2 protein chains.
Amino acid sequence: MPDPLPTDSVGIVTPQTLHFDTPITLACNRTLESYDLVIETYGKLNADASNAVLICHALSGHHHAAGYHSEDDRKPGWWDSCIGPGKPIDTNRFFVVSLNNLGGCHGSTGPGSTNPQTGQPYGPDFPVITVRDWVHSQALLADRLGIDCWAAVVGGSLGGMQALQWSLDYPDRLKHAVVIASTPRLSAQNIAFNEVARQAITSDREFHDGRYYEHNTLPRRGLMLARMVGHITYLSDASMGEKFGRELRDQAYKFGYDAEFQVESYLRYQGERFSESFDANTYLLMTRALDYFDPAYEHDNDLAKALLRARCEFLVLSFSTDWRFTPARSEELVNAMIAARRRVSYAEIDAPWGHDAFLIPTPRYTAIFEAYMDRVAREVGA
Amino acid sequence: MPDPLPTDSVGIVTPQTLHFDTPITLACNRTLESYDLVIETYGKLNADASNAVLICHALSGHHHAAGYHSEDDRKPGWWDSCIGPGKPIDTNRFFVVSLNNLGGCHGSTGPGSTNPQTGQPYGPDFPVITVRDWVHSQALLADRLGIDCWAAVVGGSLGGMQALQWSLDYPDRLKHAVVIASTPRLSAQNIAFNEVARQAITSDREFHDGRYYEHNTLPRRGLMLARMVGHITYLSDASMGEKFGRELRDQAYKFGYDAEFQVESYLRYQGERFSESFDANTYLLMTRALDYFDPAYEHDNDLAKALLRARCEFLVLSFSTDWRFTPARSEELVNAMIAARRRVSYAEIDAPWGHDAFLIPTPRYTAIFEAYMDRVAREVGA
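Bear in mind the structure is a predicted one, so any value in this text is a computation, not a measurement.

## Section: the UniProt feature "binding site: substrate" (unreviewed entry) in chain A
Residues and elements named next belong to chain A.
Alright, step 1. In the numbering used here, UniProt assigns the "binding site: substrate" (unreviewed entry) feature to R227 and D356. Taking the farthest pair of C-alpha atoms as the criterion, the annotated set spanning 130 residues converges on one region, since that pair is 14.0 Å apart.
Alright, step 2. By secondary structure assignment, the location of R227 is in helix α4 (residues 220-234).
Alright, step 3. The class for R227 is buried, based on a relative accessible area of 12%.
Alright, step 4. Not counting residues up to four positions away in its chain, the partners in contact with R227 are S60, Y234, Q270, G271, F274 and Y283.
Alright, step 5. Along the polypeptide, D356 turns up in the loop between β12 (344-349) and α10 (363-379).

Take a look at the structure:
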């Protein structure tokens, strides 16, 4: 934690674990008898509980979105750039709730948790979770917190899908949905990259059909490969070029297969670090949730028809060099919103960092996000 | 083989193995004492040996570029669409030479060949080969065939890099270089994808540090993953969407991790087939040759400066949806050629199939390629 603490930081935050013991039935028709959700909150809920904002995380995200866990913490939460006093999601005005989703590996119940029926980790017996299931569990979380209606549900990437699903499944329980760097459904190429990641994990001998916990091992190589592939798709060709170019680690070619170019050792390092800290079964689960997300599916593949049930107002943002979920995918969504006569603001932000741009503050991104959230705050009297 | 044989097919062809026993010293400073190259030829060499065209193959290619090996052969050579009587590379006029490159796994000496010093397969002891080494070995092949000067050296992707390298290393030994869907050097993103492929292979337990031959096994899963990643980069997002969309294999979601979408089972199938037929060490070698290719490197990173030594005329072609080697990469090359005052014709072909478009005949592609090669033929009196 920097000393002195910047005035726009939420400072030290403490996660809470909430236990739910009413069974939840999932899209796959299976039921979890009980489960935990880990959350963090920033700011204060106002008297009429109208100033609550829900943050939904992306594939490898979690509840720790802003601030620090201790004075020794070197890095703040994953979206600290956008959450804090005076930041776009202004914790002086909003009560911000951030959770680790069901199926996650940061404290909420997931494949690594103990299955009460066996006393062993769930592993492959943990049910497949969909974006709809997450939104359902988030609605139950809102009940627990006494929040009838969110001022806004906000998310980037997979998080944006949750914000969109909220608008469809609980149209009266949010005023605004902020959908950033997202897509109304994956393309065949998106699914293909996820499939490579899953094959990398499941074909690792240490995977043991998902029961690696009992074997006291981890499918490190598989998860590392999965992360490496993912990482490439989060960055733009140009930003990788800017960051690494073709720079060599040493001065001359070594004519071998060890890491020779900077980009190779960077990717290996990122992959290795990730493989020590993230659960492989959760990675499978999160990628499958991405694949399955397709709100138009039940409406004759007509997204506008699906959106007819939405009541909230939308902010949709995309980034010019995002090739994972291109601006064209956001425009599909915006066009459907317009066709369905929903209120929507849209901007494509010029930024060089590919999909990761949603995590990196830039003047126009920050200005638009801030202006929109200011309007949300005024609307709810925050 | 279709019956009757199409009149524009070269028909049944027979590969030849040529043995070279003069040692060849490679860019890595190691020497191969002797080696074999497998070739196929189509058409007839004319009296003054002026009508020879060299075909250079891409990453997973080989010598079998056109025609059939037997009547039972179901598929023709990999570039049969462009090589044959009346096709762009017209075997009625040209003597076409196609080889399996050094380091390959289709008969030319490579990692799977017996190391005369040990009596065992080379495996990881096979030297790293560069594009320059290939061109060197191809020049020795030309000597053997009595070809002083190629009418044209032609290649797509990694093959295009060889055509370009020819123009720099043997400027007087080719009249034309045809560089299709290629790039003057890989981007950081290109290298990153190669690195994922290599990590997938080398982290497969069956790889045994490259000595899987002795262990009587193959790193199938690693090679399968490598091919899956590669395959995604060869296709465009749009062409994958066109081919597979989000179509399910069964009617409804199964909520599991088995292949659920068509694109998943397609990729798995392609990967598995490839992993049975291609050598993993060769795959490492070919991807490293791609990484290292950078003719500007020795000329202060100034491609135009490198091109000053070229004497041939160039045809450069790119494809609109190729995101592996985008049209912008071909334009870099063309711009450098123009700056170096070389003669160059360039076209970007509108085609939906991504990088693979160079293997798929389309009217404009065929027309431009044919017109250019017709001019080459006239020039050399073929």
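After presenting the structure, the write-up continues.
## Examining the sheet that holds strand β9 (residues 152-156) of chain B
All names here are of chain B.
Alright, step 1. Here we have eight strands laid out as an open sheet, ordered β1-β4-β8-β5-β9-β10-β11-β12, and mixed in their pairing. The sheet is open, and its two borders are formed by β1 (16-20) and β12 (344-349), each paired with just one other strand. Direction aside, neighbouring strands of the sheet carry axes that sit 20° apart on average.

## Some thoughts on the interface of chain B and chain A
Alright, step 1. Contact residues are listed per partner, giving 58 residues for chain B and 58 residues for chain A.
Alright, step 2. Summed over both partners, the interface of chain B with chain A buries about 5100 Å², with 62% contributed by carbon and sulfur atoms.
Alright, step 3. Counting every contact that joins chain B to chain A gives 10 salt bridges.
Alright, step 4. For the pair chain B and chain A, the number of links is 32 residue pairs in polar contact (both at pLDDT 80 or more).
Alright, step 5. Looking at the side of chain B that touches chain A, the elements that each hand over two or more residues are α3 (188-202), α4 (220-234), α5 (237-244), α6 (262-277) and α7 (280-292) of chain B.
Alright, step 6. For the side of chain B that touches chain A, the element with the highest residue contribution is α3(B), accounting for 10 residues.
Alright, step 7. Residue composition of the side of chain B that touches chain A, grouped by class: 32 nonpolar, 10 polar and 16 charged.

## Things to note about the side chain of A:T282
Residues and elements named next belong to chain A.
Alright, step 1. When you line up the elements, T282 lands in helix α7 (residues 280-292).
Alright, step 2. Assessed through its relative accessible area of 1%, T282 is described here as buried.
Alright, step 3. In terms of polar contacts, T282 uses its side chain to reach the backbone carbonyl oxygen of G104, at 3.5 Å.
Alright, step 4. Residue contacts for T282: discarding those within four places in its chain leaves G103, G104, C105 and P111.

## What to know about the relation of the copies chain B and chain A
Alright, step 1. Once chain B has been moved 0.0 Å along the axis and rotated by 180°, it coincides with chain A to within an RMSD of 0.1 Å. Accordingly, the operation relating the two chain copies is best matched by a two-fold axis.

## Observations regarding the side chain of B:H231
Residue and element names in this part refer to chain B.
Alright, step 1. By the element assignment, H231 lies in helix α4.
Alright, step 2. By relative accessible area, which is 6% here, H231 ends up buried.
Alright, step 3. The residues contacting H231, other than those within four sequence positions of it, are Y266, L267 and Q270.

## Comments concerning the sheet that holds strand β10 (residues 176-180) of chain A
Residues and elements named next belong to chain A.
Alright, step 1. The strand order across the open sheet formed by eight strands is β1-β4-β8-β5-β9-β10-β11-β12, and the pairing between neighbours is mixed. Here the strands that pair on one side only, and so sit at the sheet edges, are β1 (16-20) and β12. Averaged over neighbouring strand pairs, the angle between their axes works out to 20° when direction is ignored.
Alright, step 2. The pairing of strand β4 (residues 35-42) with strand β8 (residues 95-99) spans four bridges and is antiparallel. By the bridge assignment for β8, E40 is matched with S98.
Alright, step 3. Each of β1, β4, β5 (52-56) and β8 touches helix α1 (residues 131-145); the most contacted strand, β1, lies at about 105° to it.
Alright, step 4. Each of β5, β9 (152-156), β10 and β11 (313-319) is contacted by helix α2 (residues 158-169), which is oriented at about 150° to β9, the strand it contacts most.

## Topic: the packing of aromatic side chains
Alright, step 1. Enumeration according to the criterion identifies 46 aromatic pairs over all chains in this entry.
Alright, step 2. A centroid spacing of 5.2 Å and a plane angle of 5° characterise the contact between A:Y253 and B:Y297, whose relative ring orientation is stacked. Placement of A:Y253 in the loop between α5 (237-244) and α6 (262-277) and of B:Y297 in the loop between α7 and α8 (303-307) is noted, with the two residues assigned to different chains.
Alright, step 3. Taking 4.8 Å as the distance between ring centres and 15° as the angle between the ring planes, the aromatic pair formed by A:F274 and A:F278 counts as stacked. Residue A:F274 shares its accessibility class with A:F278, and that shared class is buried.
Alright, step 4. Pairwise contacts between aromatic rings join A:W78, A:W79, A:F319, A:F358, A:Y365 and A:F369 into one cluster.

Calculation criteria
- Residues numbered from 1 in each chain as written.
- Chains lettered and ligands numbered in written order.
- Predicted model: local features only at pLDDT ≥ 70, side-chain atom pairs only at ≥ 80, totals over all residues.
- Heavy atoms only, no water.
- UniProt positions renumbered as here; feature names shortened; annotations may be inferred.
- Helix = DSSP H or I, 4+ residues; strand = E, 2+ residues; numbered from the N terminus.
- Buried < 20%, exposed > 50% of the residue type's maximum accessible area, 1.4 Å probe, protein only.
- Contact = heavy atoms within 4.5 Å.
- Pairing = 2+ DSSP bridges.
- Axes fitted to C-alpha atoms, helices over the stretch in contact; angles between N-to-C directions.
- Buried area = accessible area lost by both parts, 1.4 Å probe.
- Salt bridge = Lys/Arg side-chain N within 4 Å of Asp/Glu carboxyl O.
- Polar contact = N/O pair within 3.5 Å; in protein donor to acceptor, adjacent residues only side chain to side chain.
- Nonpolar A, V, L, I, M, F, W, Y, C, P; charged D, E, K, R; others polar.
- Least-squares fit on C-alpha atoms with pLDDT ≥ 70 in both.
- Phe/Tyr/Trp six-rings, centres within 6.5 Å; stacked < 30°, edge-to-face > 60°.

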